[in-house]
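Listed here are the chains, written in short residue letters.
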Amino acid sequence: MSPGRTAVIVRGGWAGHDPVGTTDLFIPHLREHGFTVRVEDSPAVYADADVMAATDLVVQCATMSSIRDEDVVGLRRAVAAGTGLAGWHGGIVDAYRDSAAYLQLVGGQFAAHPPRDLQDPAGGPGDSDTAHTIDVLPEAADHPITRGIGSFPLVTEQYWVLADALCDVLATTTQAVRAGDPWDRPVVSPAIWTRQWGRGRVFVCTPGHDAEVLRDENVRTIVERGLLWAAR
């Protein structure tokens, strides 16, 4: 444990991802590991150079929000200088869709979660939940985030992600081809990855639609470890 560190949680955006409830799950974990936790409901804090210089970890949880250019600049500078950046699901990979600079920092962008029922693609709550597997890669067997965790099943939204080659992928998930799908082969997307940005570390876990998913033993362990791994 490294005492005296600071974590800033930026939460908000689409209420369907329960940004308050999901981040509250991990505040005790951070405090147990010596972090002072500051909670913000706006990314404007990223533009405060003094705050960011003193921040060891940013937990980003704001789906479908907007961000000012100066906020993105501040976040990128902080991560390049050593501040860690971490998050899960849409709170990090479906945030600030109109900012290419943010997308480049995170390394992946949510594209879709195909509906469970192709005959009713609009559906309702839970209709995008599908049974799928998070496949932990063999080369991730000894990584501090995934050590001792094998591939595991989930029934939740399966994220189809567009990502780049700077991501160090720890686990993937494969979108199957079903009758009526317009794609002609299985599509493999990164599900858990890390990323080095300057002196800072980035951690992303795409499972985490709500508190129930995050309470899954494997998902929760991966996120808890990922937060600590990313922190300065």
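What comes next concerns the included structure. (Residues numbered from 1 in each chain as written. Predicted model: local features only at pLDDT ≥ 70, side-chain atom pairs only at ≥ 80, totals over all residues. Heavy atoms only, no water.)

## Quick look at the overall build of the chain
Right, on to step 1. Within the chain, the secondary structure is distributed over 8 helices and 11 strands.
Right, on to step 2. Since a compact globule built from 232 residues should have a radius of gyration of about 17 Å, the 17 Å found for the chain is in line with a globular shape.
Right, on to step 3. Overall, the C-alpha framework of the chain stretches about 55 × 40 × 30 Å when taken along its three principal axes.
Right, on to step 4. Looking at the chain as a whole, 53% of its 232 residues qualify as buried.
Right, on to step 5. Looking at the chain alone, contacts between residues at least 24 apart form 71% of all its contacts between residues at least 6 apart.
Right, on to step 6. Here the chain has roughly 10300 Å² of accessible surface; of this, 51% comes from carbon and sulfur atoms.
Right, on to step 7. In the chain, which carries 19 positive and 30 negative side-chain charges, the distance between the mean positions of the two groups comes to 7 Å. (Helix = DSSP H or I, 4+ residues; strand = E, 2+ residues; numbered from the N terminus. Rg over C-alpha atoms; globule rule 2.2 N^0.38 Å. Buried < 20%, exposed > 50% of the residue type's maximum accessible area, 1.4 Å probe, protein only. Contact = heavy atoms within 4.5 Å. Areas by Shrake-Rupley, 256 points an atom, 1.4 Å probe, with all protein chains shown as cover. Lys, Arg positive; Asp, Glu negative; His and termini not counted. Charge placed at Lys NZ, Arg CZ, Asp CG, Glu CD.)

## Here's the deal with the sheet that holds strand S3 (residues 57-63)
Right, on to step 1. Pairing is mixed in the open sheet, where 9 strands are placed in the order S2-S1-S3-S4-S11-S10-S9-S6-S7. At either margin of the open sheet sits one strand with a lone partner, and together these are strand S2 (35-40) and strand S7 (152-157). Across the sheet, the mean angle from the axis of one strand to that of its neighbour is 25°, orientation sign disregarded.
Right, on to step 2. Inspection of the sheet shows strand S4 (residues 84-88) paired to strand S11 (residues 200-205) by 4 bridges, in the parallel sense. Residue pairing for S11: tryptophan 88 is matched across the bridge by cysteine 205.
Right, on to step 3. Relative to the sheet, helix H8 (residues 217-230) contacts S2, S3, S4, S7, strand S10 (187-197) and S11, its axis offset from that of S11 by approximately 170°. (Pairing = 2+ DSSP bridges. Axes fitted to C-alpha atoms, helices over the stretch in contact; angles between N-to-C directions.)

## Some details on the pattern of salt bridges
Right, on to step 1. By the definition in use, this model includes 10 salt bridges.
Right, on to step 2. The partner of arginine 97 in a salt bridge is aspartate 94, and the shortest N-O contact between them spans 2.6 Å.
Right, on to step 3. The salt bridge partner of arginine 178 is aspartate 181, with a shortest N-O separation of 2.9 Å.
Right, on to step 4. A relative accessible area of 23% places arginine 178 in the partly exposed class. (Salt bridge = Lys/Arg side-chain N within 4 Å of Asp/Glu carboxyl O.)

## What to know about the packing of aromatic side chains
Right, on to step 1. Enumeration over the complete set of coordinates arrives at 4 aromatic pairs.
Right, on to step 2. Geometrically, the ring pair formed by tryptophan 160 and tryptophan 183 is edge-to-face, given 4.9 Å between the ring centres and 80° between the ring planes. Here tryptophan 160 is found in strand S8 (residues 160-163), whereas its partner tryptophan 183 is found in the loop between strand S9 (168-175) and S10, with 23 residues between them in sequence.
Right, on to step 3. Residue tryptophan 160 is classed as buried on the basis of its relative accessible area of 19%.
Right, on to step 4. By relative accessible area, which is 16% here, tryptophan 183 ends up buried.
Right, on to step 5. Taking the ring centre of phenylalanine 26 as reference, the NZ or CZ of arginine 220 above it sits at 5.7 Å. (Phe/Tyr/Trp six-rings, centres within 6.5 Å; stacked < 30°, edge-to-face > 60°. Lys NZ or Arg CZ within 6 Å of the ring centre and 35° of its normal.)

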